[in-house]
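Structural overview for review
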Amino acid sequence: MNKGKIGIFDSGVGGLTVVRAVNKLLPGESVVYFGDTARVPYGSKSPETVIRFSMEDAEFLIGKEIKLLVVACNTASSVSLPALREFAEVPVTGVIIPGARTAAEVTKSGVVGVIGTLGTISSGAYQKSLKSFDSVSRVIAQPTPLLVPLVEEGWLDHRITEMVLREYTAPLISEGIDTLVLGCTHYPLLKNALSKVLVEDIRLVDSAESTAVEVASILDRKDIRSDNIHGENSFYVSDIPLKFQEIAQRFLGKAVPLVTQIEVGELH
Ligand code: DGL
C-alpha cells in the first residue's frame, strides 16, 4: 500500500495547484492526476452532473492502484464526497474541510468569507463546514464566477481583474471578514491581486495548501507514507485543449512533462 500513488482529480487544470502543494510538502509521494478538460467547467453545472462526472473521474484513478483519492476540485468536493466515499475502497479527501479548518484556526473575529464557483457556494458546503467550528460565528459566502476565465486568460495582475475583485469583495469587506477562504482551484493564483484589493489584515486561506497538510495527516494516520525520496507524477486529461501547456504550467509552477489523453465515458 505504501507504494501506491496519490490520485488527484479536478475538472481541468486548476487542480494542479493541489499537485504542486502535495509535491512540495510530500516530495517522496507519487501522484497520478486526472483533469477532466473535455467537460470543464464543473462550477456552473448541476450537482447531479458533477456527481456523475466525479464518479467517472474517480473510477479512472482507482484503476491506477492509488492508496488515497484527493478531490482537488472545490465544486466536486462540495457535492460528490458522500457518493465517492461509498464507492471507493481507499480513503477520500476533498478540499473543503481542510480549507474550513485552517480558516477556523486563523480567524480572530469569527467572521469568515468564502469565494468560489456558483456550484460550490450554492451547495452550502463551505458554509456548513465553517459553521461547525466554534471559532466561526458568521460566514459570508460570495460566488465569483468571472474569476476562473480571468485566471485562465493569465490576467493575474491585470487592472480588469482588480476591478472584478474589488466588486466581488466589497460586500465581504463591509461585513467585516478577517479571513477569506479561496474556495476554488484557480484562486491561489490571485493572491497577489487580492492583497491589493483587500484590507491589510484579512488572512487568505489557500485550500490547496490546507489539503496537502490533510493528505500528510491521512498518510500518517493510515501508516501509508511512501519511503521514497523522490516521487513521480503522471498526468492524464480528457482533452488537450488549445494553450494547454501554457495554462497548465501556470498552475503547476513548471512544465507538465508528459500528458496522456483518455476518452471520457470509457474511463475503465
Ligand atoms: N476546479 C473548479 C473548482 O475548484 C473550478 C473550475 C470549474 O468550474 O470547473 O471549483
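Everything below is about the structure shown above.
Cut-offs used in this document
- Residues numbered from 1 in each chain as written.
- Predicted model: local features only at pLDDT ≥ 70, side-chain atom pairs only at ≥ 80, totals over all residues.
- Heavy atoms only, no water.
- Near = heavy atom within 4 Å.
- Polar contact = N/O pair within 3.5 Å; in protein donor to acceptor, adjacent residues only side chain to side chain.
- Areas by Shrake-Rupley, 256 points an atom, 1.4 Å probe, with all protein chains shown as cover.
- Nonpolar A, V, L, I, M, F, W, Y, C, P; charged D, E, K, R; others polar.
- Helix = DSSP H or I, 4+ residues; strand = E, 2+ residues; numbered from the N terminus.
- Axes fitted to C-alpha atoms, helices over the stretch in contact; angles between N-to-C directions.
- Parallel < 35°, antiparallel > 145°, perpendicular 65-115°, else oblique.
- Left-handed = near helix turned anticlockwise from the far one by under 90°.
- Contact = heavy atoms within 4.5 Å.
- Buried < 20%, exposed > 50% of the residue type's maximum accessible area, 1.4 Å probe, protein only.
- Arc of directions from axis to C-beta.
- Pairing = 2+ DSSP bridges.

**Description of the site of the ligand**
Taken together, the neighbourhood of the ligand is formed by Asp10, Ser11, Val40, Pro41, Tyr42, Gly43, Cys73, Asn74, Thr75, Thr117, Cys184 and Thr185. Contacts to the ligand include Ser11, whose side-chain N or O atom sits 2.6 Å from an oxygen atom. Within the backbone of Gly43, one N or O atom sits 2.8 Å away from an oxygen atom of the ligand. With the chains in place, 98% of the 300 Å² that the ligand exposes on its own is no longer accessible. Considered class by class, the residues forming the shell around the ligand number five nonpolar, six polar and one charged.

**Notes on the environment of Val139**
Tracing the sequence through the fold places Val139 in strand S6 (residues 138-143). Between the C-alpha atom of Val139 and that of Ala216, which follows or precedes it by 77 residues, the distance is 28 Å.

**Observations regarding the packing of helix H1 (residues 16-25) against helix H11 (residues 244-252)**
Packed helices, taken two at a time, are described by the angle between their axes plus the distance between the axes. Two elements in contact, H1 and H11, have axes separated by 7 Å at closest approach and are oriented at 40 degrees. Between H1 and H11, the angle is such that the two are oblique. In terms of crossing hand, the pair formed by H1 and H11 is right-handed. Here Leu16, Thr17, Val19 and Arg20 of H1 lie close against H11, whose contacting residues are Ala248, Arg250, Phe251 and Leu252. Residues that form the contact of H1 with H11 fall into these classes: five nonpolar, one polar and two charged.

**Points about H11**
All of the buried residues along H11 are Phe244, Ile247, Ala248, Phe251 and Leu252. One side of H11 holds all its buried residues, which, seen down the axis, span an arc of 130 degrees. Each element contacted by the buried residues of H11 is listed here: H1, helix H7 (147-152), strand S9 (233-237) and strand S10 (259-261). Among the residues trailing H11, Gly253 stands out with phi positive, at a value near 85 degrees.

**Here's the deal with the environment of Asn192**
Along the chain, the position of Asn192 falls in helix H9 (residues 191-197). Residue classification places Asn192 among the partly exposed residues on the basis of a relative accessible area of 43%. Taking the C-alpha atoms as reference points, Asn192 and Leu156, 36 residues apart in sequence, are found 8.0 Å from one another. At 3.1 Å, the side chain of Asn192 and the side chain of Asp157 are in polar contact.

**Some words on the sheet that holds strand S4 (residues 92-93)**
Within the open sheet, the six strands sit side by side as S4-S3-S1-S2-S9-S10. Their pairing is parallel. Two strands in the sheet have a free side with no partner beyond their single neighbour: S4 and S10. Pairing of strand S1 (residues 5-10) with strand S3 (residues 66-71) involves five bridges; the strand directions are parallel. Its bridge partner being in S3, Lys5 is matched across the sheet by Ile66. This element, H1, spans S1, strand S2 (31-35), S3 and S9 of the sheet and lies at about 170 degrees to S2.

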